[in-house]
Amino acid sequence: MLSRHIDPDTVIEQCREHPHKKHASHHGRRGYHQSWRRDEDASGIPKYTMPKVGLPSKSAYQLLHDETALDGNPLLNLASFVHTWMPEEADKLIIENMNKNLVDLDEYPAASIIHNRCISMLGDLWKAPKEGKVIGTATAGSSEAIMLGGLAMKKRWQEARKKDGKDYFHPNIVFGSNAQVALEKFARYFDVETRLVPVKLENGCVMDPNDAMQYIDENTIGVIVILGSTYTGHFEDVELMSRLLDDLQERTGLDIPIHVDGASGAFIAPFAYPNLKWDFRVPRVVSINTSGHKFGLVYPGLGWVLWRDESYLHKDLVFELHYLGSTEYTFTLNFSKPAAPVIAQMFNFLNLGFDGYKKIAYKDLRNARMLSKALDSTYFTVMSNIHRRLDTGEMSSSSSDLSVFNSHVSERLERRHSNDDPTQYMPGLPVVAFRLSDKYKQDNPHVKQEWIQSMLRAKGWIVPNYGAPQGAEDIEILRVVVRETLSEDLMERLIIDILGVAESLMGAFWSLLSLFDPLDIDASTFDIRVGTDTVFAESQRSQGLHHPDHEHGRPEKENFGNGSLEPGPEQVGFSRQC
């Protein structure tokens, strides 16, 4: 997160003047029991400058433990793709190895060997060609992995252009406007023109390969195809993109490679959709990235990138190190890297095996289909497609009334495994993207979809509401990421809460207005606020209560750069990833 240094005296004074603290006593921090010193130890500790004298370790722990309790519950955080739980034995391994630096290959050779075995296992999982030599590395999440994949394509393009005596200063890269912000970061940070392909609502808000072709020319270093959109969970069609590029090469001679952004999908597709060709079985796919900390089921901070052969990792990205007694080679953006996440990834590979990952993928997709069907048959329109059967393109069952859902709960439990094969349905991530149905909005025109997010948050659920990407900007999307920790029992509770919130908002506006004389109401001055059990109106205010810790720590946009008033590159994507 981008932050800046702040004036501690100003912030502390504004905190003391905060309207919520005006009744607080200066003596409110004094403890009543000498055996409990948390308040006394922390009372004089500054927030924004380093204390001259430190706290006892127990007090420092308790202070931060209590403050982080204000965070959301990771179990109920359905906004994030990031994994939040590992077995006790994995936690133990992580603690035992958290002080090891993976880059110290000579000092920690076992950790290095485990890293290399992970690369080998991923190469086999993604069908790397046996005649080549797959190469890859662990990264700090998929962001670094995408940077490396993009840089490798850029360097190879530049080398080819130099060899042909052509201009090599104006590279561009093509991907859909549904891309996660890391893809735009690569282009901006490394001086590559971004060519965004607008998406279509009817296409699931993902890039159509046919639409992408018009953005490709001799300066295109590659096309990034997303296996699992963060908006709707849809898979983009890697094989079709490859066929279109094959045809382009036959007609023009342009050889355009594909990088697959499999941040989430590369740990779902091999287990749930084994016949789907998206990986190194497609010859034009030169590199793939994924996040170990998503459906790889490791805690945050781990990504992977693999190239189908060493020849696709340009020599300019490889550095020889003479460090700590050995000669090694590195091609990552950062130097130091913790060994613990890599060891945790190997723990999952050994503990779960292919069959274990497959069972988890099946379970996640089954629970996602349950939620999709419940929402699509009531007050919502589901935009994701994993619940739609391939033979019909529609749901296997449908209804228009909540009572139907309730009456078939026991029946569903009995047959829950009868249609468990994901290959019977359209491929995608275990993600449910949905919005209020047109009928619901017509019947309840004053209900704002964002209220559902707020009301679910009051119940503990974190379900984001955000705008669709370029090409479908007018659409708002609610999204649930179904991870391993979201059990069937919790899923049923979530369904009840979502539908209960939607029902509680029906007619709420008119019930409120009935309390007032219609002649005295100016609707333009009212902002309807929704709480857990109440609906109330208040006059709109130009500025809410300030939060000094956040507002002062956030840089002012007009101060970026050298003070020039000229606008910088426009950011098109604002996707909610992790």
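Residues numbered from 1 in each chain as written. Predicted model: local features only at pLDDT ≥ 70, side-chain atom pairs only at ≥ 80, totals over all residues. Heavy atoms only, no water.

A.B. asks: Explain the overall build of the chain here, please?
C.D. replies: Broken down by element type, the chain carries 18 helices and 15 strands. Taking all 578 residues of the chain together, 47% fall into the buried category. Here the contacts in the chain between residues at least 6 apart in sequence split such that 74% fall between residues at least 24 apart. Working note: accessible area of the chain is about 30,400 Å², and carbon and sulfur atoms make up 52% of it. (Helix = DSSP H or I, 4+ residues; strand = E, 2+ residues; numbered from the N terminus. Buried < 20%, exposed > 50% of the residue type's maximum accessible area, 1.4 Å probe, protein only. Contact = heavy atoms within 4.5 Å. Areas by Shrake-Rupley, 256 points an atom, 1.4 Å probe, with all protein chains shown as cover.)

A.B. asks: I'm lost on the side chain of Asn178 in this one. Help?
C.D. replies: Along the polypeptide, Asn178 turns up in the loop between strand E2 (172–176) and helix H7 (181–189). Overall, the relative accessible area of 1% leaves Asn178 in the buried class. In terms of polar contacts, Asn178 uses its side chain to reach the side chain of Ser229, at 3.5 Å. If near-sequence neighbours (up to four positions away) are discounted, Asn178 is found in contact with Val199, Cys205, Val206, Met207, Ile226, Ser229, Thr230, Tyr231, Glu236 and Pro469. (Polar contact = N/O pair within 3.5 Å; in protein donor to acceptor, adjacent residues only side chain to side chain.)

A.B. asks: Please clarify how the packing of aromatic side chains should be interpreted in this entry.
C.D. replies: We describe a pair of aromatic rings using the distance from one ring centre to the other and the angle between the two ring planes. According to the stated counting rule, one finds 13 aromatic pairs in the structure shown. Ring geometry for Phe271 and Tyr357: centres 5.2 Å apart, planes at 10°, overall stacked. Taken as a pair, Phe271 in helix H10 (residues 269–272) and Tyr357 in helix H11 (residues 340–376) lie far apart in primary sequence, 86 residues in all. Accessibility expressed as a relative area gives 4% for Phe271, which makes it buried. The class for Tyr357 is buried, based on a relative accessible area of 4%. Taken together, the ring pairs in this structure connect Phe267, Phe271, Phe349, Phe354 and Tyr357 into an aromatic cluster. (Phe/Tyr/Trp six-rings, centres within 6.5 Å; stacked < 30°, edge-to-face > 60°.)

A.B. asks: What's the story with the nonpolar core in this structure? I'm lost.
C.D. replies: Counting 101 residues, the largest nonpolar core has Met241 and Phe380 as its most contacted members. It is H11 that contributes the most residues to this core, 16 residues altogether. Those residues within four positions of Phe380 in sequence are excluded, and the remaining contacts are Leu375, Phe434, Arg435, Leu436, Ser437, Ile452, Leu478, Ile498, Leu499 and Ala502. Ile135, Ile146, Ala187 and Val305 belong to the second-largest nonpolar core, a separate cluster that totals 27 residues. (Core = buried A, V, L, I, M, F, W, Y, C linked by side-chain atoms within 4.5 Å.)

A.B. asks: Any chance you could explain the sheet that holds strand E4 (residues 220–226) here in plain terms?
C.D. replies: Overall, mixed pairing links the seven strands, which are arranged E1-E7-E6-E5-E4-E2-E3 in an open sheet. The outermost strands of the open sheet, each flanked by one partner alone, are strand E1 (135–139) and strand E3 (193–197). Here the strands of the sheet are splayed against their neighbours by 20° on average, with no regard to which way each runs. Sheet topology note: the E1/strand E7 (residues 303–307) ladder contains five bridges and is antiparallel. When the sheet's bridge partners are listed, Thr139 is paired in E7 with Gly303. On the sheet, helix H5 (residues 109–125) packs against E1 and E7 and is oriented at approximately 65° with respect to E7. (Pairing = 2+ DSSP bridges. Axes fitted to C-alpha atoms, helices over the stretch in contact; angles between N-to-C directions.)

A.B. asks: How should the sheet that holds strand E13 (residues 476–481) be read in this particular structure?
C.D. replies: The pairing of strands in a sheet comes from backbone hydrogen bonds and takes either a parallel or an antiparallel form. With respect to topology, four strands assemble into an open sheet ordered E10-E11-E13-E12, the strand pairing being antiparallel. Looking at strand neighbours, the two that pair on one side only are strand E10 (380–382) and strand E12 (465–467), the edges of this open sheet. Pairwise comparison of adjacent strand axes, ignoring direction, gives a mean angle of 40° for this sheet. Both E12 and E13 contribute to a ladder of three bridges, which runs antiparallel. Paired with Gly467 across the bridge in E13 is Glu476.

A.B. asks: Can you walk me through the pattern of salt bridges in this structure?
C.D. replies: As a working rule, side chains carrying opposite charge can pair if their charged atoms are close by. Under the definition given, this model contains 19 salt bridges. Notably, a salt bridge pairs Asp211 with Lys200, separated by 3.3 Å at the nearest N-O pair. Placement of the pair is Asp211 in helix H8 (residues 209–212) and Lys200 in the loop between E3 and H8, with a sequence separation of eleven residues. Judged by its relative accessible area of 17%, Asp211 falls in the buried class. (Salt bridge = Lys/Arg side-chain N within 4 Å of Asp/Glu carboxyl O.)

A.B. asks: When you look at the pairing of E3 in this model, what are you seeing that I'm missing?
C.D. replies: Relative to E3, E2 is paired through five bridges, and the arrangement is parallel. Bridging across to E3, Val174 finds its partner in Arg195. In this view, the connection linking E2 to its parallel neighbour E3 by way of H7 has right-handed handedness. (Right-handed = clockwise from strand over helix to strand, strands pointing away.)

A.B. asks: Whenever I open this one, the packing of helix H6 (residues 141–163) against H7 confuses me. Can you help?
C.D. replies: Pairs of packed helices are described in terms of their axes, by the angle between the two and the distance that separates them. Between H6 and H7, the least distance of the axes is 9 Å, while the angle of their chain directions is 45°. Classified by the interaxial angle, the pair formed by H6 and H7 is oblique. For the element pair H6 and H7, the recorded crossing hand is right-handed. The segment H6 lies against H7, with Ser143, Ile146, Met147, Gly150 and Leu151 engaging Ala182, Leu183, Lys185, Phe186 and Tyr189. Its residues assigned to classes, the contact of H6 with H7 comprises seven nonpolar, two polar and one charged. (Parallel < 35°, antiparallel > 145°, perpendicular 65-115°, else oblique. Left-handed = near helix turned anticlockwise from the far one by under 90°. Nonpolar A, V, L, I, M, F, W, Y, C, P; charged D, E, K, R; others polar.)

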